[in-house]
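The residues making up each chain are set out below.
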Amino acid sequence: MVVTYDINALCRFIIQARSNAMKNLAKGSFGALLLTAAMSVAAFPVDVTSIDGTFENTLDTNGNSVSGDGSNYIKWGQGQKSSYKFTGASPLPIEIVDDSIFSLGTLTHKNRQVTGPVLTSTDLAITLGFSGFGDTDTAAGTFVFSHDETLDNGTYQECFLIWCWNEHDGPVDDIIAQTGASVTSSSFILGGFEYSLELLGLSADGSTPENTKRDYELFAKLNATALPVPEPGTLALLGLGLAGLGMARRRKA
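Residues numbered from 1 in each chain as written. Predicted model: local features only at pLDDT ≥ 70, side-chain atom pairs only at ≥ 80, totals over all residues. Heavy atoms only, no water.

For the protein chain, the count of helices and strands is three helices and 14 strands. Out of the 253 residues belonging to the protein chain, those deemed buried represent 32%. Carbon and sulfur atoms form 57% of the exposed surface of the protein chain, whose accessible area is close to 14,800 Å². (Helix = DSSP H or I, 4+ residues; strand = E, 2+ residues; numbered from the N terminus. Buried < 20%, exposed > 50% of the residue type's maximum accessible area, 1.4 Å probe, protein only. Areas by Shrake-Rupley, 256 points an atom, 1.4 Å probe, with all protein chains shown as cover.)

Take a look at the structure:
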């Protein structure tokens, strides 16, 4: 017996099979939401195994780098020194159980009465190591800060928007302002999930009183998505179609 195949029927079978598969995958927005939530839960826990932070692109009022550029501790000024220091969160490893906010570590600002060139801006480059599902990887991001080394003593006012009141004489707070951050930094993969590190910023306003030291906690979160399952190739679909037609022929016989 000679078996012949209808190529048009074969093509229709392949197209219909693919269409049905796509409909089943996308069926119901509620089901899709449940699937997304389930995949997000499945992406955790993961561990933070290392946290490193270095101050880069430091700039003073003369346009030069300040002492310690490229390390986790920078200082500036003549006589007494004002400084920034980054200390990563500890102890490690830190278990991240979901996509909630977690601490990267502490930025310590020591504000002293200084003279000479002072800091105006700096980047804080953060690199984290992660492990989970038998894999390890790293992610990096950068905070960008401006620094206002105010007068050690001067006249200042309490202000809100355009209204000011209560003039004072005395020490003036130095101000740290976050001027930018990589909203999502480099992505990384653990197991069957892709993660991105979102930098969120300081735990409080960046006002440090004169002749004091203040700690600011830095926060971040992880966003996770499941890696897509590769779509079957054309040859696989063709093989499926041939198998289906063969079964149909056998039923007719």
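Time to look at the environment of Q80. Among the secondary structure elements, Q80 is positioned in the loop between β2 (73–76) and β3 (82–88). According to the relative accessible area criterion, Q80 is partly exposed, its value standing at 43%. Separated by 33 residues in the primary sequence, Q80 and Q113 place their C-alpha atoms 6.7 Å from one another. When sequence neighbours within four positions are dropped, the list of residues in contact with Q80 reads R112, Q113 and V114. (Contact = heavy atoms within 4.5 Å.)

A few words on the side chain of S131. With respect to the secondary-structure elements, S131 resides in strand β6 (residues 119–132). The contacts of S131, once residues within four sequence positions are left out, are V46, D47, T49, T136 and L190.

This next bit is on the sheet that holds strand β11 (residues 187–190). Spatial ordering of the open sheet is given by β2-β3-β5-β14-β12-β11, a layout of six strands whose pairing is antiparallel. Both edges of this open sheet fall to β2 and β11, since each of them pairs with a single strand only. Across the sheet, the mean angle from the axis of one strand to that of its neighbour is 25°, orientation sign disregarded. Sheet analysis places strand β5 (residues 102–111) next to strand β14 (residues 212–226), joined by nine bridges and oriented antiparallel. (Pairing = 2+ DSSP bridges. Axes fitted to C-alpha atoms, helices over the stretch in contact; angles between N-to-C directions.)

Bringing the nonpolar core into the picture now. The biggest cluster of nonpolar side chains holds 39 residues, and the ones touching the most others in it are F102, L104, L107, L128, Y195, L218 and L222. Not counting chain neighbours up to four residues away, the residues in contact with L218 comprise F86, F102, S103, L104, G105, L107, L124, F143, F145, G201 and L202. (Core = buried A, V, L, I, M, F, W, Y, C linked by side-chain atoms within 4.5 Å.)

In this model, S90 is joined to P91 through a cis peptide bond whose omega is -5°. Looking at where P91 falls in the secondary structure, it is placed in the loop between β3 and β4 (94–96). Residues other than glycine seldom take positive phi values, yet N57 does so here, at roughly 55°. Position of N57 relative to the elements: it lies in strand β1 (residues 46–60). Within the chain, F133 stands out as a residue other than glycine whose phi angle is a positive 55°. Under the relative-accessibility criterion, F133 is labelled partly exposed at 42%.

A few words on the packing of aromatic side chains. Per the counting criterion, the structure on display carries seven aromatic pairs. Their ring planes at 80° and their centres at 6.0 Å tell us that F44 and Y195 sit as a pair that is edge-to-face. Of this pair, F44 sits in the loop between α2 (29–42) and β1 while Y195 sits in strand β12 (residues 193–202); the two residues are 151 residues apart in sequence, bridging distant segments of the chain. Here Y195 falls in the buried class, since its relative accessible area comes to 1%. Ring geometry for F55 and Y84: centres 5.9 Å apart, planes at 40°, overall tilted. (Phe/Tyr/Trp six-rings, centres within 6.5 Å; stacked < 30°, edge-to-face > 60°.)

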